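The primary structure of each chain is shown beneath.
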Amino acid sequence: MSERRRPGLIPRGFGVVWTAAIVVFILAPFVVMLLMSFTGSPFLSYPWQEDGFSLRWYAEFFDSPTFLDAFVDSLLLAVVTSVVTLAIASLAALAIVRYAFRLRSTLNLVLVSPLFVPHVMIALALLVYTSSVWDWGSGLKRMLVAHVVITLPFAIATISAALTGFDRNQEYAAYDLGAGRVRAFASVTFPQIKAGFFAAAVMAFVVSFDNVAVSLFMVGPRYSSLPVEIYSFAIEEISPLAPAAAMVMTFFSLAAIIAIERSFGVQRLLGTGAHR
Amino acid sequence: MTTTATPVLPVAPPEPPARRSRSLAGRLEPYLLGLPGLVFMAVFFVVPVIRMVHLGLTVPGDDGTTTFSFDHWRSVFADDYGRAVLWRTLRIGFWTTVGCLVLAYPLALWVRQISAAWRSFVILVVLSPLLTSSVVRMLGWVLLLYDDGIVNRALSRLGVGEVHLLYRESAIVVGAIHVFFGFMFLALLSAMSRIKESEIEAAMDLGAGRLRVIREVVFPVTLPGVIGGCVIVFALACSEYAIANMLGGSSQPVMGSEIYKQALVYLQWDRAAGIATVLFVIVTAVIVVFSGLLRRRALRGLGDE
């Protein structure tokens, strides 16, 4: 249409510099932590200073019962959370996407509403509730409940999107060929949308594993979580053990990102930019 | 309902099928499917929150019973300390939102102009921290900003004297911007899809400079996403307490840390519940008023044509 190249809205020099600055801002804390976790010194320092490069703090992390227990507890909790959340969300999403019924909007709203309530409030409400009404002490049960509540909205959104995007005619064709509804879903529909379920499970896992605000209220002598332990540790003292612990946590979170990207494609999930 | 901000996640239910089932089994199915979710959320979310709000309105009486009272709500505004905490919370929320918006908007605009490969890279880098824990990120900022940290050492080499970068409100804002930037960026990215290239070309053909085009053509179109991003970030930033604790220390309490203290240190659950309710009401009110004002200005602008 226009013969001459129109300049973009953002001048090139500004765009590059601005982006570079933001990328540096975003990555700086991680880089610093990564570097400091490899120091051989008993004090916070960098591997090129004093006592050089060493894995001692990672060894220390895996030797520390507090951290190791918390790590295992967090992993376990995250896995159970995603299983429970996935189960509840899958059933509910099927109902919301495929049926028209009177409680439909209500169900969807209720499942999504934790997004609108501050985590502090959810945490306090559940702390009071599980203690006074159900008489649960600290432990896996109340942490699980809290984590399921905060991860359900994400799971519902993801699975609903996957279900909506699926062309049901294939399933109807399976019915025509004589398959029962469950069989049709299992052999035709699910294999094609399982990426969405996987993404929902991984999202629930990550939200649970990383959570601080809600978990801080729910922990106690019988159960803790890794982010909470790192937080408590870092508040009181600061040694290279903290960045080492943080890096172990981050490795697991990032492994989850790669899993999502591979299976579902982060861009398609977020509906951004690239036209795939 | 008036058009709301483009949500980051689909909050409205997708389109339902046209026909309703006739058979009893068919009509029951959705309820059976939805039952676990409904029951779980009713029992473990709706009821606890309602009970909490109610708890915040009770005060223990002399004989072990409780009476209705606004005492806990009043405590937020009653003394200097309470008011200082409230203002600090709102200030942090405000500056975090502004910071995120100012940083993310040009980035979102720029990202439209670059190649798909670069775009994917930038988006990935900017959004991946969202999947790490805020504790991890805060620790990174502590390590960056503490007195012997790399930033301070660089500053002293440049001749700037003794500067304490940590344990102040600005450190909290910087950390909060880092944590919540991804949410703002996501909201803006989806808002950018509403921009019509033809309108930009038309404006530039008519002689408008870049800044003018952005101000009068691009920004109004992206406004719903801007509002959405600001709402999300403001709500999150006002409710945070772990960030404030790690980067601000005990000298910079915010409402979230007050709630934590009352509930877990002083074991005053009713006081904590009251403060939490007030926080929620204030944040919601600010959001409603702010986005209402912005929307009205945007609509007025369209009406002038």
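Because the structure is a prediction, the values reported are computed rather than measured.

1. Quick notes on the overall build of chain B
If you tally the helices and strands in chain B, you get twelve helices and two strands. Its helices and strands in sequence order give chain B the pattern α-β-β-α-α-α-α-α-α-α-α-α-α-α, from N to C terminus. Taken along its principal axes, the extent of the C-alpha atoms in chain B is 80 × 80 × 40 Å. Looking at chain B residue by residue over its 305 residues, the buried ones come to 49%. The contacts of chain B with a sequence gap of at least 6 include a subset with a gap of at least 24, amounting to 70%. If you average the places of the 26 positive and of the 21 negative side-chain charges in chain B, the two averages end up 6 Å apart.

2. Brief notes about the side chain of threonine 39 of chain A
Residue and element names in this part refer to chain A. For threonine 39, the location among the structural elements is in the loop between helix 1 (12-37) and helix 2 (56-63). On the accessibility criterion, threonine 39 (0% relative accessible area) is buried. Among the polar contacts made by the side chain of threonine 39, one reaches the side chain of serine 45 at a distance of 2.8 Å.

3. Observations concerning the pattern of salt bridges
Enumeration according to the criterion identifies twelve salt bridges over all chains in this entry. The closest approach of N and O atoms between arginine 91 of chain B and glutamate 169 of chain B, which form a salt bridge, is 2.8 Å. Of this pair, arginine 91 of chain B sits in helix 3 (residues 80-113) while glutamate 169 of chain B sits in helix 7 (residues 169-192); the two residues are 78 residues apart in sequence, bridging distant segments of the chain. Look at arginine 91 of chain B and you get partly exposed, because its relative accessible area is 35%. With its nearest N and O atoms 3.2 Å apart, the salt bridge here joins glutamate 258 of chain B to lysine 261 of chain B. Separated by three residues within a single helix, glutamate 258 of chain B and lysine 261 of chain B lie in helix 11 (residues 255-265), roughly one turn from each other. Salt bridges linked by common partners bring Arg98, Arg168 and Glu171 of chain A together as one network.

4. What about the packing of aromatic side chains?
Residue and element names in this part refer to chain B. Per the counting criterion, the structure on display carries 33 aromatic pairs over all chains. Judged by centre distance (5.1 Å) and plane angle (50 degrees), the ring pair of phenylalanine 40 and phenylalanine 44 falls under tilted. Of the two residues, phenylalanine 40 and phenylalanine 44 both sit in helix 1 (residues 24-55), four residues apart, roughly one turn of that helix. Each member of the pair, phenylalanine 40 as well as phenylalanine 44, is classed as buried.

5. Some words on the packing of helix 3 of chain B against helix 7 of chain B
Residues and elements named next belong to chain B. Two numbers describe how helix 3 lies on helix 7: the axes approach to 6 Å, and their chain directions differ by 45 degrees. The pairing of helix 3 with helix 7 is recorded here as oblique in orientation. With respect to the hand of their crossing, helix 3 and helix 7 are arranged in right-handed fashion. Here the contact of helix 3 with helix 7 is built from residues that sort into 22 nonpolar, three polar and four charged.

6. A closer look at the environment of isoleucine 114 of chain B
Tracing the sequence through the fold places isoleucine 114 of chain B in the loop between helix 3 and helix 4 (116-127). With sequence-adjacent residues up to four places away left out, isoleucine 114 of chain B is seen in contact with Arg119 and Val122 of chain B.

7. Some points on the environment of phenylalanine 251 of chain A
Residues and elements named next belong to chain A. Tracing the chain through its elements places phenylalanine 251 in helix 11 (residues 241-263). Judged by relative accessible area, which is 57%, phenylalanine 251 ranks as exposed. Taking C-alpha positions, phenylalanine 251 is 16 Å from serine 225, a pair spaced 26 residues apart along the chain.

8. Brief notes about the nonpolar core
In terms of nonpolar packing, the biggest core is built from 181 residues, with Leu124 and Phe217 of chain A together with Phe185 of chain B touching the most fellow members. Looking at which element gives the most residues to this core, the answer is helix 7 of chain B, with 14 residues. Other than its neighbours up to four places away in sequence, phenylalanine 185 of chain B contacts Ala104, Leu107, Ala108, Val111, Ile123, Val126 and Leu127 of chain B.

9. Digging into the interface of chain A and chain B
Listed by partner, the interface residues are 100 residues for chain A and 93 residues for chain B. Between chain A and chain B, roughly 8900 Å² of surface is buried when both sides are summed, and carbon and sulfur atoms account for 79% of that area. For the pair chain A and chain B, the interface holds one salt bridge. In this structure, glutamate 29 of chain B and arginine 181 of chain A form a salt bridge, with 2.5 Å as the shortest nitrogen-oxygen distance. Summed over the shared surface of chain A and chain B, the result is 13 residue pairs in polar contact (both at pLDDT 80 or more). If you tally residues by element for the side of chain A that touches chain B, the top one is helix 1 of chain A, at 17 residues. Across the side of chain A that touches chain B, the residue classes tally to 76 nonpolar, 15 polar and nine charged.

Thresholds, definitions, all that
Residues numbered from 1 in each chain as written. Chains lettered and ligands numbered in written order. Predicted model: local features only at pLDDT ≥ 70, side-chain atom pairs only at ≥ 80, totals over all residues. Heavy atoms only, no water. Helix = DSSP H or I, 4+ residues; strand = E, 2+ residues; numbered from the N terminus. Buried < 20%, exposed > 50% of the residue type's maximum accessible area, 1.4 Å probe, protein only. Contact = heavy atoms within 4.5 Å. Lys, Arg positive; Asp, Glu negative; His and termini not counted. Charge placed at Lys NZ, Arg CZ, Asp CG, Glu CD. Polar contact = N/O pair within 3.5 Å; in protein donor to acceptor, adjacent residues only side chain to side chain. Salt bridge = Lys/Arg side-chain N within 4 Å of Asp/Glu carboxyl O. Phe/Tyr/Trp six-rings, centres within 6.5 Å; stacked < 30°, edge-to-face > 60°. Axes fitted to C-alpha atoms, helices over the stretch in contact; angles between N-to-C directions. Parallel < 35°, antiparallel > 145°, perpendicular 65-115°, else oblique. Left-handed = near helix turned anticlockwise from the far one by under 90°. Nonpolar A, V, L, I, M, F, W, Y, C, P; charged D, E, K, R; others polar. Core = buried A, V, L, I, M, F, W, Y, C linked by side-chain atoms within 4.5 Å. Buried area = accessible area lost by both parts, 1.4 Å probe.

Such coordinate-based values are descriptive only and should not be taken to indicate function.
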